[in-house]
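Tertiary structure, described
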Amino acid sequence: MGRIAGRFARVEPRRRVRDLVLGLLSDLPRKNCWSIAEWAGEASPDGMQHLLGRARWDADAVRDDVREYVLEHLHDEDAVLVVDETGDVKKGTHTVGVQRQYTGTAGRIENAQVAVYLVYAGVRGHAAVDRELYVPRSWTCDPDRCQAAGLGDDTAFATKPELGVRMIGRFLDAGHRVGWVAGDEVYGGNPKLRSALEKRKVGYVLAVACSAEVITGAGKFRADALAAKVPRRAWQKLSAGAGAKGHRFYDWAVIDLAEPRPGSHRLLIRRNRTTGELAYYRCFSPAPVPLATLVRVTGSRWRVEETFQAGKGLAGLDEHQLRRFTSWSRWVTLAMLAHAFLAVVRANEHARHPAPHGLIPLTCNEIQRLFTTLVARPVHDVAHRLRWSAWRRRHQARAQTSHYRRQAANQT
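Throughout what follows, the structure given in this document is the object of discussion. Keep in mind that what you see is a predicted model, and the values were worked out from it rather than measured.

A word on the overall build of the protein chain
- Scanning the protein chain from N- to C-terminus turns up 15 helices and 12 strands.
- In terms of overall dimensions, the protein chain is globule-like: its C-alpha atoms have a radius of gyration of 24 Å, near the 22 Å expected for 412 residues.
- Along the longest, intermediate and shortest principal axes, the C-alpha atoms of the protein chain span 75 × 65 × 40 Å.
- Split into buried and exposed, the 412 residues of the protein chain put 49% on the buried side.
- Long-range contacts, defined here as pairs at least 24 residues apart, represent 62% of the contacts in the protein chain between residues at least 6 apart.
- Surface accessibility of the protein chain: about 21,100 Å² in total, with carbon and sulfur atoms responsible for 50%.
- The positive charge centre, built from 63 side chains, and the negative charge centre, built from 43, are 3 Å apart in the protein chain.

Below, the structure written as structure tokens:
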């Protein structure tokens, strides 16, 4: 918290942001302004809501602090940047960026808010270092709606790959270097993103659809047509990394592409050893690299799913109940900081205190349990609990009265 303290001019928001981050790290069953304010010992959620909505501080500056914190502690020369999006299912139409759209969280089209994240994945750990809210065209074409949600007048539509390019550019412009970027088909199918990475001389392994067309020395082919031509001897069994149940072994094949641009361009094909299912990846590197390197980068992409799972499950990344853009950006930035703290503690504990025989190394989940139990659990008296019970019932009574009045007005 000392790292971001200078972003707050007054002591009150500086103390309150500490309480909010501790609340995000707590074992509360539901994390929002109400529950965290009660947990922190405040008399009402007004202070927490003020911190997220109206207090003067720059969430983008804190985002940069989070990035520097992660890089300082998790730095790895072979790290991979992973770009991916995640959605939060929402009700209503007023939450910034919400519309009916596909979200992998639900596995179907839902009324949801979607954001794109940039995750730094290295051997010591992984954590999100940037975020961008995806604002659909249904919003950018409606200036009044954007203004009501706190979006700037200059808000323009940007695709998810364009948001990814924006975040990767910020990472590199800050003076950091990374050799590889990984992503799924949403990003692999976008030529502008691939071109931007090639201009920066940053390698990539990006998933593409089976129908993606690539150019070889023999002409243009679909990816699945090329896979059908791969001889049996060209497949190699390699691990994409260790998972919870052991190494993830697949069969791999790689085909050189005849791209006119500089660098090594290849098509990587992955085959499931049980089902035979195929996956395809467009690969670029400034100089040729071994197949094992491409496989390692491919396996790093799964770290983003672990980051989303931990960020939501341990740090309340998706539990905000906020409508305006400023509040959203502040909440998710502080949730990123909370998860980064767990990732850094985990990395440091693994380095300093290797797990004894018969125990797995400390996980972020276990670190959160220990931290909450031993350090961050506040103790409140009965009077505090009763005051909050009365506050909630009073607020709910006002809301109920308001709903009845609105209903009566509509009927007349």
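Quick look at the layout of surface pockets
- Volume-wise, the largest pocket comes out at about 1,000 Å³.
- Lining the largest pocket are 35 residues, with H126, A242, R303, E306 and R346 positioned closest to its centre.
- For the lining of the largest pocket, the secondary-structure elements that each account for two or more residues are β3 (108-122), β4 (125-133), β9 (236-243), α11 (291-300), α12 (303-315), α13 (325-352) and α14 (364-376).
- Considering every element that reaches the lining of the largest pocket, the biggest residue donor is α12, with six residues.
- In terms of residue class, the lining of the largest pocket is built from 13 nonpolar, 14 polar and eight charged.

Some remarks on unusual backbone geometry
- Backbone geometry at K201 places phi at a positive 60°, although glycine is not the residue there.
- Secondary-structure assignment places K201 in the loop between α9 (191-199) and β6 (203-208).

What to know about empty space enclosed by the protein
- Going through the model one piece at a time under the given rule, you end up with two cavities of 30 Å³ or more.
- Contributing to the lining of the largest cavity are A128, T307, G311, L317, A335, M336 and H339.
- Only α12 and α13 provide two or more residues apiece to the lining of the largest cavity.
- Sort the elements by how many residues they give to the lining of the largest cavity and α13 lands first, with three residues.
- Taken together, the residues that form the lining of the largest cavity break down as four nonpolar, three polar and no charged.

Considerations on the nonpolar core
- Ranked by internal contacts, the top residues of the largest apolar core, which has 106 residues, are Y117, Y120 and F171.
- Broken down by element, this core gets its largest block of residues, 13 residues, from α13.
- The contacts of F171, once residues within four sequence positions are left out, are R67, L71, L81, L118, Y120, V129, H176, R177 and V178.
- Of all hydrophobic cores here, the second largest spans 14 residues; its members include V214, L267, I269 and Y280.

Conventions adopted
- Residues numbered from 1 in each chain as written.
- Predicted model: local features only at pLDDT ≥ 70, side-chain atom pairs only at ≥ 80, totals over all residues.
- Heavy atoms only, no water.
- Helix = DSSP H or I, 4+ residues; strand = E, 2+ residues; numbered from the N terminus.
- Rg over C-alpha atoms; globule rule 2.2 N^0.38 Å.
- Buried < 20%, exposed > 50% of the residue type's maximum accessible area, 1.4 Å probe, protein only.
- Contact = heavy atoms within 4.5 Å.
- Areas by Shrake-Rupley, 256 points an atom, 1.4 Å probe, with all protein chains shown as cover.
- Lys, Arg positive; Asp, Glu negative; His and termini not counted.
- Charge placed at Lys NZ, Arg CZ, Asp CG, Glu CD.
- 1 Å grid on protein atoms, 1.4 Å probe; cavity = no way out; pocket = protein on both sides within 12 Å on 5 of 7 lines; lining within 4 Å.
- Points joined across faces, edges and corners; volume = space filled by probe spheres on them.
- Nonpolar A, V, L, I, M, F, W, Y, C, P; charged D, E, K, R; others polar.
- Core = buried A, V, L, I, M, F, W, Y, C linked by side-chain atoms within 4.5 Å.

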